[in-house]
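Okay, here's what each chain looks like letter by letter:
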Amino acid sequence: MTPTSYIDGPHARLAYAFSAGEGPVIVFLSGYKSDMQGTKAVHLEAWAKARGRAFLRLDYAGHGESGGRFEDGCIGDWAMDAQAVIDAVAPGPVLLVGSSMGGWIASLLTQRLDRIVGFVGIAAAPDFTEDGFWAEMSDAQKREMAEHGVWYRPSAYGDPYAITRRLIEDGRRRLVLRTPLPMPFPVRLLQGTEDEAVSRDVALRLFDHIDGADVRLTLVRGADHRFSEPDNLAAIEAAISEVLQ
């Protein structure tokens with residue numbers, strides 16, 4: 001596994017792992033409270049290395065090996081973190097692979113970087129702070145957040161999620177499913193039918209909002225949100241390979 005390196009980011013010291021190879025650089029963007037040591041990130045790095053492909057994985061501030069507190073972050077901050085690492089390490093063409101929240105961050109980066117050659121979304125979760133967290137909160141929970149600045153949402157994938165008022169308010173400024181989303185490059189979206197965190201409706205909304213000529217959505221029967229079983233990983237590999245061709 002590639003050793004961890006660091007740069008000084010806009011909000012904290014940021015950790016990343018870059019393995020050199022043929023471009024474009026495959027950039028893995030992980031999900032909410034996830035990090036670059038996750039199954040998909042590490043597996044895809046090994047897969048890319050075996051094929052001589054350049055690969056970058058990273059931790060946003062407050063995640064994994066990066067500095068900062070998770071509760072202090074928001075979508076805008078984490079998108080800035082990702083862009084800072086990409087600009088510092090991979091100044092040439094990049095292929096973005098976004099898992100869950102990473103799919104939202106990738107969508108934001110497509111509006112900021114002019115050197116993206118493809119996007120692979122894995123259970124991509126754009127706008128989840130508004131359409132998921134906020135929409136599902138009761139009036140009492142919203143009052144708790146207003147009073148204390150944070151509400152802890154139970155999670156099926158570990159410790160409760162700290163939902164902060166800043167996360168919700170910043171997320172409203174970063175919504176991407178309200179207007180067409182230009183992506184003039186190949187896009188492959190993968191979505192599990194048994195995903196309890198991101199529904200297929202979200203995948204369809206993203207598919208419908210992407211403005212591009214080469215956009216495909218694949219529903220994988222039986223796959224859950226982790227999308228990390230061997231056949232799921234093979235599907236990600238196939239999607240990346242298709243975009244690179």
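Above: the structure in question.
Residues numbered from 1 in each chain as written. Predicted model: local features only at pLDDT ≥ 70, side-chain atom pairs only at ≥ 80, totals over all residues. Heavy atoms only, no water.

**Brief notes about the pairing of strand β4 (residues 53-58)**
Step number 1: Counted residue by residue, β4 has 6 buried out of 6 residues, so it is predominantly covered.
Step number 2: Burial along β4 is two-sided: Arg 53, Phe 55 and Arg 57 and Ala 54, Leu 56 and Leu 58, pointing in opposite directions, are all buried.
Step number 3: Here 4 bridges tie strand β2 (residues 13-19) to β4, and the two strands are oriented antiparallel to one another. Paired with Ala 17 across the bridge in β4 is Arg 57.
Step number 4: Bridge count between strand β3 (residues 22-29) and β4: 4 bridges; the pairing is parallel. Bridge assignment links Ile 26 to a residue of β4, and that residue is Phe 55. (Buried < 20%, exposed > 50% of the residue type's maximum accessible area, 1.4 Å probe, protein only. Helix = DSSP H or I, 4+ residues; strand = E, 2+ residues; numbered from the N terminus. Pairing = 2+ DSSP bridges.)

**Describing the pairing of strand β8 (residues 161-164)**
Step number 1: Here β8 shows a buried face lined by Tyr 161 and Ile 163 and a second buried face lined by Ala 162 and Thr 164.
Step number 2: Two elements, strand β7 (residues 150-153) and β8, share 4 bridges in a ladder whose sense is antiparallel. Considered in β8, the bridge of Tyr 152 is made with Ala 162.

**Looking at the pattern of salt bridges**
Step number 1: Within this structure, the stated rule accounts for 16 salt bridges.
Step number 2: Across the salt bridge formed by Arg 69 and Asp 72, the nearest N and O atoms sit 3.1 Å from each other.
Step number 3: For Asp 72, a relative accessible area of 43% puts it in the partly exposed group.
Step number 4: Between Arg 173 and Asp 170 there is a salt bridge; the shortest N-O distance is 3.6 Å. (Salt bridge = Lys/Arg side-chain N within 4 Å of Asp/Glu carboxyl O.)

**Re the environment of Trp 78**
Step number 1: Its place among the elements puts Trp 78 in helix α2 (residues 75-89).
Step number 2: Note on Trp 78: relative accessible area 1%, which makes it buried.
Step number 3: Between the alpha carbons of Trp 78 and Tyr 60 there is a distance of 5.4 Å; along the sequence they are 18 residues apart.

**Brief notes about the side chain of Ser 100**
Step number 1: Position of Ser 100 among the secondary structure elements: in the loop between β5 (94-99) and α3 (101-109).
Step number 2: Residue Ser 100 is classed as buried on the basis of its relative accessible area of 12%.
Step number 3: At a separation of 3.0 Å, a polar atom in the side chain of Ser 100 contacts the side chain of His 225.
Step number 4: Setting aside chain neighbours within four positions, we find Ser 100 in contact with Gly 31, Ile 122, Ala 123, Ala 124, Ala 125, Val 198 and His 225. (Polar contact = N/O pair within 3.5 Å; in protein donor to acceptor, adjacent residues only side chain to side chain. Contact = heavy atoms within 4.5 Å.)

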